[in-house]
Amino acid sequence: MTKPIIQLLLLCLAFSVVATKVSAVSAPWWQFQAVDTMKYSRDLSGLFLADRVALKETSETQVAAIADLGATHVAIATPYDEEFLPVLKEWVAAARRHGLKVWFRGNWSGWEEWFDHSPITRAEHLAKTVEFIQKNPDLFENGDFFSACPECENGGPGDPRQTGDIAGHREFLIDEHDAMLVAFRSINKNVQVSMNSMNGDVARAIMDKQTTQALGGVVVIDHYVRTPEQLNKDVTDFAEQTGGRVILGEFGVPIPDIHGAMDQDQQAEWLSRSLTLIAENPNLDGLSYWTNQGGSTALWTEGGEPKKAVGVVKNFFSPRTINGIVVTES
């Protein structure tokens, strides 16, 4: 047997050995898969300041459960005010322990006058946000998402649909977006700031193509509708209207005024139908389920027991695995 033939046989054998070791490739449905903790991380912030043991236990337990779903991010809605920083840090620490990135979805308490805080102006909001980012670089990791003013229409000067100040609202969102880009660049962190979540009706009024482009080409909708088919259609419609990519910043069931009462089987069925549809929608870049515990849409009971919907969400959040063996002809 000549040397070239021997080399060819050895090459074929080596390829066969390597090829048969191919076993799996995995990828999530979406690059952004989150669950919101607002009912605890924001609404109970004051109580947690007075009970750090409960804070640590609650954040650890809830974040661990969210991570087990296959989420990429956990949405944490603790206010950015200095007094609440210990609460925010504890939730963020729990996220890091469980390998999750964070969607910072808080706000300044004065914007909506939470916790008896005095109202603040747009200029104050912008300045405080930049200062917060620059003073707390250790809070953030590359791959985090940050919202300075989620559902911004609910505070400050008011809903632009009622005030008529469409232009001013757009200008404020763009100014904050640009300022946050600069602030995160100054602390050398790659954090996504195009997360201006808003009610769907507000988005229809505010997010024209020029504004969407100025805000990073992303439109983030907090959206509750009656049917899975309507949810899927609306994702497509928002993409066509804005020329941008769509993220569902909030969705979930049941909202009693929209869906009526649902038992666990009905909640799970609605979510399964919805996720099946939107998983095939090319306009959707990610989603955040609202909420983990507390409220009618919760995935877990107040006692921490998983509802049937947990299994549905996990099936879509967990990576899809492709198994196979490459067989070469002899």
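Quick note: structure is the one above.
My aim in this report is to walk through the structure given alongside it, one point at a time. (Residues numbered from 1 in each chain as written. Predicted model: local features only at pLDDT ≥ 70, side-chain atom pairs only at ≥ 80, totals over all residues. Heavy atoms only, no water.)

## Points about the overall build of the chain
And then number 1: When you go through the chain residue by residue, the secondary structure sums to 15 helices and 10 strands.
And then number 2: Here the chain holds 330 residues, and the buried ones make up 48% of them.
And then number 3: A separation of at least 24 residues holds for 77% of the contacts in the chain among residues at least 6 apart in sequence.
And then number 4: Counting every atom, the chain has about 15,300 Å² of accessible surface; 54% of that belongs to carbon and sulfur. (Helix = DSSP H or I, 4+ residues; strand = E, 2+ residues; numbered from the N terminus. Buried < 20%, exposed > 50% of the residue type's maximum accessible area, 1.4 Å probe, protein only. Contact = heavy atoms within 4.5 Å. Areas by Shrake-Rupley, 256 points an atom, 1.4 Å probe, with all protein chains shown as cover.)

## Some details on the pairing of strand β7 (residues 218-222)
And then number 1: By the criterion of burial, β7 is predominantly enclosed, with five of the five residues buried.
And then number 2: Alternating positions in β7 separate into two faces, Val218, Val220 and Asp222 on one and Val219 and Ile221 on the other, with burial throughout.
And then number 3: Here strand β6 (residues 198-199) pairs with β7 via two bridges, running parallel. Bridging from a neighbouring strand, Met198 pairs with Ile221 of β7.
And then number 4: As for the winding sense of the linkage, the β-α-β connection from β7 through helix α12 (residues 228-242) to strand β8 (residues 245-251) is right-handed. (Pairing = 2+ DSSP bridges. Right-handed = clockwise from strand over helix to strand, strands pointing away.)

## Quick look at the nonpolar core
Within soluble globular proteins, side chains that are nonpolar generally end up buried alongside one another.
And then number 1: Counting 75 residues, the largest nonpolar core has Phe132, Phe140, Phe146, Leu271 and Leu299 as the members making the most contacts within it.
And then number 2: With seven residues, the single largest contributor to this core is helix α5 (residues 85-97).
And then number 3: Ignoring any residue separated from it by four or fewer positions in sequence, one finds Phe140 in contact with Arg96, Phe104, Phe132, Ile133, Phe146, Phe184, Ile187, Lys189 and Val191.
And then number 4: Ranked by size, the runner-up nonpolar core spans nine residues in total, among them Ala34, Trp103, Phe145 and Met195. (Core = buried A, V, L, I, M, F, W, Y, C linked by side-chain atoms within 4.5 Å.)

## Observations regarding the environment of Leu215
And then number 1: Along the polypeptide, Leu215 turns up in the loop between α11 (209-214) and β7.
And then number 2: A sequence separation of 42 residues divides Leu215 from Leu173, and the C-alpha atoms of the two residues are 7.7 Å apart.
And then number 3: Beyond its immediate chain neighbours, meaning those up to four positions away, Leu215 contacts Leu173, Ile174, His177, Ser194, Asn196 and Met207.

## A short note on the state of the cysteines
Put plainly, two cysteines are in a disulfide when a covalent bond ties their sulfur atoms together.
And then number 1: If you walk through the whole model with that rule in mind, you get one disulfide.
And then number 2: Residue Cys149 pairs covalently with Cys152 via a disulfide, S to S 2.0 Å. Because the torsion about its S-S bond is 85°, the bridge between Cys149 and Cys152 counts as right-handed. For the pair Cys149 and Cys152, a shared accessibility class is recorded, and that class is buried. (Disulfide = S-S within 2.5 Å.)

## Focus: the sheet that holds strand β9 (residues 284-289)
And then number 1: What the eight strands build is an open sheet, ordered β5-β4-β3-β2-β9-β8-β7-β6; its pairing is parallel. If you trace the sheet from one side to the other, it starts and ends with β5 (145-146) and β6, each paired once.
And then number 2: Sheet topology places strand β4 (residues 101-104) next to β5; two bridges connect them, and they run parallel. In the strand pairing of β5, Phe104 is matched with Phe146.
And then number 3: In the packing of α12 onto the sheet, the strands contacted are β7, β8 and β9, and the crossing angle to β8 comes to about 135°. (Axes fitted to C-alpha atoms, helices over the stretch in contact; angles between N-to-C directions.)

## Some words on the packing of helix α14 (residues 264-278) against helix α15 (residues 308-317)
And then number 1: Look at α14 against α15: their axes get within 8 Å of each other, and the N-to-C directions meet at 15°. Taken as axis vectors, α14 and α15 run roughly parallel relative to one another. Here the hand of the crossing between α14 and α15 comes out right-handed. Contact residues: Gln264, Asp265, Gln267, Ala268, Leu271, Ser272, Leu275 and Thr276 in α14; Lys308, Ala309, Val312, Val313 and Phe316 in α15. (Parallel < 35°, antiparallel > 145°, perpendicular 65-115°, else oblique. Left-handed = near helix turned anticlockwise from the far one by under 90°.)

## Quick notes on the side chain of Asp159
And then number 1: Looking at the element boundaries, Asp159 is found in the loop between β5 and α8 (160-163).
And then number 2: In this structure Asp159 comes out as buried when scored by relative accessible area, which is 12%.
And then number 3: Setting aside residues up to four positions removed in sequence, Asp159 forms contacts with Glu153 and Val202.

## Digging into α12
And then number 1: The terminal C-alpha atoms of α12, which comprises 15 residues, lie 21 Å apart, in line with the 21 Å expected from a rise of 1.5 Å per residue.
And then number 2: Inspection of α12 places Pro228, Leu231, Asn232, Asp234, Val235, Phe238, Ala239 and Thr242 among the buried residues, and these make up the whole buried set. All buried residues of α12 project into a common sector of 160° when viewed along the axis, lining one side.
And then number 3: Elements in contact with the buried residues of α12: α10 (200-206), α11, β7, β8, α14 and β9.
And then number 4: A positive backbone phi angle near 70° is found at Gly243, which sits one or two residues after α12. (Expected span 1.5 Å × (residues − 1). Arc of directions from axis to C-beta.)

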